[in-house]
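Structural overview
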Amino acid sequence: MAEADGDYGAGGDAPERYSDKRLNDSFSVYLLLSEPLQFSMREVAEAITEDYPVLGRLGIDINPIDALDTGDVTVLGVLMPKDVPECEVVTFTSLKGSLDVEYFETALQRLIAPDRREDMTRAVQSHVSYLCITCGSKESDLGSQFLAARMATCIAAVFAKLPICQAVYYPTANMITTPDEWVKGADKAAAPEWPLEIWVSWMFLRDERYGAKEAWIGCHSDGMAAFNGHEVCFRPAPLPLPKVFLYAYTAVYLPLAGGNAFRDGDTVGVEDSDEKIRMRLAVEGREILPHPHGNVAGTDTWVLFHPSAAENDEALFGPRANAPAPEGFDNSLRPEEGFLRRLLGRRKH
């Protein structure tokens, strides 16, 4: 839950800002294949209709040819969403051969478990062909962005079910995952629910400046900005990694799945906990992590200050715009039950 006692501001609206660009970029999914794939756009459209009817009708009439092969020099196919006007055309692209391993370096580094990183690295190194599926949104509001991401995700899941699919790469969040995990996420998106486990990745930070027996832990999200132009950064605190992740995940979940509108200076917490984490808005380009890390915000970022770190957020980010709520006044903001369904329901799909 969040408590509102500050102002929210999104910074400037200049189109060159990366925060704005994130909302204008299309959603792409790469399927890494153990061998070239031959497929018919007509067969694909039929499979999508069977597996994910929520996507509606998909037109194939604008394709110059129906049969495609990822082993060719180039592959280009198009599906036209007929029942989801918010979505642009869905494109299928590939170049002959595999993608360079360096393309996936950031995604592989974010895999914490060594055995998982090794498995995904082997999948990347051994793939011989790939297929990229892309869908953009005609608008930048939250509902339209969800629908475009769902369109690309669910269509990619049809291919992820094939035995020759070795891994799925989602560059919007620098996320690489197994085909099974991708399919599970697509099923959630079709429900509709937010599959944050495949749409948002996390960068964890160990900070050993404080001389403690255990390092302080922080983390940063990657992927939320594609939906609302913001990311979340949890500044290092003397907490175990699971707890750090829980607070950061909550700050991502609330605006996307709960419909909560944050304001600079709000506090965020989780159920069954009295801890309140201060939330400050860092406009794109501002420093968000302590030295020696010195990271600056690539997009507008909600920065979380845990009380155990004993940091003065006003000394670092300036005064909060609004005074705190009066003593005893409950201004808690809780997730809006069924927020996403109502948001999409207004669009009649």
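Residues numbered from 1 in each chain as written. Predicted model: local features only at pLDDT ≥ 70, side-chain atom pairs only at ≥ 80, totals over all residues. Heavy atoms only, no water.

1. So, the overall build of the chain
The condition that has to hold: Runs of H or I in DSSP of at least four residues are treated as helices and runs of E of at least two as strands, each being numbered from the N terminus. Exposure categories follow from relative accessible area, calculated using a 1.4 Å probe and restricted to protein chains: below 20% of the type maximum is buried, above 50% is exposed, and the middle band is partly exposed. We call two residues in contact whenever any of their non-hydrogen atoms come within 4.5 Å of each other. A 1.4 Å probe and the Shrake-Rupley method give the accessible areas. Residues count as covered only by the protein chains that appear here.
For the chain, the helix and strand inventory stands at eleven helices and 17 strands. Per-residue burial for the chain yields a buried fraction of 54% across its 349 residues. Considering only intrachain contacts with a sequence separation of at least 6, the fraction spanning at least 24 residues in the chain is 69%. A total of about 15800 Å² of accessible surface is found on the chain, and carbon and sulfur atoms cover 52% of it.

2. Overview of the pairing of strand β9 (residues 165–170)
How we decide: We treat two strands as partners when DSSP finds at least two bridges between them.
The buried fraction of β9 is high, at five of six residues. Alignment of strand β2 (residues 27–33) against β9, held across four bridges, turns out to be antiparallel. Paired with Tyr30 across the strands is Tyr169, a residue of β9. Of the pairings in the sheet, the one linking β9 to strand β10 (residues 175–177) comprises three bridges and is antiparallel in character. Its bridge partner lying in β10, Tyr170 is registered against Met175.

3. Quick word on the state of the cysteines
For clarity, the cut-off: Pairs of cysteine sulfur atoms within 2.5 Å are identified as disulfides in what follows.
This structure, assessed with the given rule, holds zero disulfides. Cysteine Cys87 is unpaired, with the sulfur of Cys135 as its nearest cysteine sulfur at 4.1 Å.

4. Quick word on the pairing of strand β15 (residues 277–282)
Extensive coverage of β15 is indicated by the burial of six of its six residues. Of the two faces of β15, the one carrying Ile277, Met279 and Leu281 and the one carrying Arg278, Arg280 and Ala282 are both buried. Here strand β14 (residues 267–268) pairs with β15 via two bridges, running antiparallel. Its bridge partner being in β15, Val268 is matched across the sheet by Ile277. The sheet contact formed by β15 and strand β16 (residues 300–305) spans five bridges and is antiparallel. Bridge pairing in β16 links Met279 to Leu304.

5. A closer look at the side chain of Thr299
The topology assignment puts Thr299 in the loop between β15 and β16. The buried category is assigned to Thr299, whose relative accessible area is 5%.

6. Observations concerning the side chain of Asn63
As a reminder, the rule being used: N or O atoms within 3.5 Å of each other form a polar contact, as long as, within protein, one can give a hydrogen and the other can take it, and as long as residues adjacent in sequence are counted only when both atoms are side-chain atoms.
Residue position: Asn63 is located in the loop between β4 (58–59) and β5 (67–69). A polar contact is formed between the side chain of Asn63 and the backbone oxygen of Ile60, at a distance of 3.0 Å. At a separation of 2.6 Å, a polar atom in the side chain of Asn63 contacts the main-chain carbonyl oxygen of Val78. Apart from residues lying up to four places away in sequence, Asn63 is in contact with Met41, Gly77 and Val78.

7. Describing the environment of Glu139
The topology assignment puts Glu139 in the loop between β8 (129–135) and α5 (142–160). Once the C-alpha coordinates of Glu139 and Glu86 are considered, the two residues, 53 residues apart in sequence, prove to be 6.6 Å apart. Glu139 has contacts with Glu86, Ser144 and Gln145, leaving out every residue within four places of it along the chain.

8. Describing the packing of aromatic side chains
What counts, and what does not: Between 30 and 60 degrees the pair is tilted, below 30 it is stacked and above 60 it is edge-to-face, where a pair is any two Phe, Tyr or Trp rings, Trp via its six-membered ring, whose centres lie within 6.5 Å.
Within the structure shown, the criterion is met by 23 aromatic pairs. Seen from their ring centres, Tyr30 and Tyr103 are 5.7 Å apart, and the 65 degrees between their planes marks the pair as edge-to-face. Placement of Tyr30 in strand β2 and of Tyr103 in the loop between β7 (90–95) and α3 (105–109) is noted, with a sequence separation of 73 residues between them. Geometrically, the ring pair formed by Tyr30 and Tyr169 is tilted, given 6.0 Å between the ring centres and 50 degrees between the ring planes. Residue Tyr30 is found in strand β2, and its partner Tyr169 is found in strand β9; the two are separated by 139 residues along the sequence. Of the two residues examined, Tyr30 and Tyr169, each falls in the buried class. Connected via pairs of aromatic rings, a cluster forms that spans Phe27, Phe146, Trp194, Trp199 and Phe227.

9. Some remarks on the pattern of salt bridges
Worth spelling out the cut-off: Salt bridge criterion: a side-chain nitrogen from Lys or Arg within 4 Å of a carboxyl oxygen from Asp or Glu.
Here the structure, examined in full by the defined rule, presents 17 salt bridges. Measuring nitrogen to oxygen at the nearest pair gives 3.6 Å for the salt bridge that ties Asp20 to Arg17. On the basis of relative accessible area, Asp20 is assigned to the buried category, the value being 18%. When its relative accessible area of 12% is taken as the criterion, Arg17 is described as buried. The partner of Lys243 in a salt bridge is Glu275, and the shortest N-O contact between them spans 3.2 Å. With Lys243 in helix α9 (residues 241–257) and Glu275 in the loop between β14 and β15, this pair connects stretches of sequence that are 32 residues apart. Owing to a relative accessible area of 24%, Glu275 belongs among the partly exposed residues under this scheme. Taken together, the shared-partner salt bridges connect Arg22, Arg110, Asp222 and Glu231 into one network.

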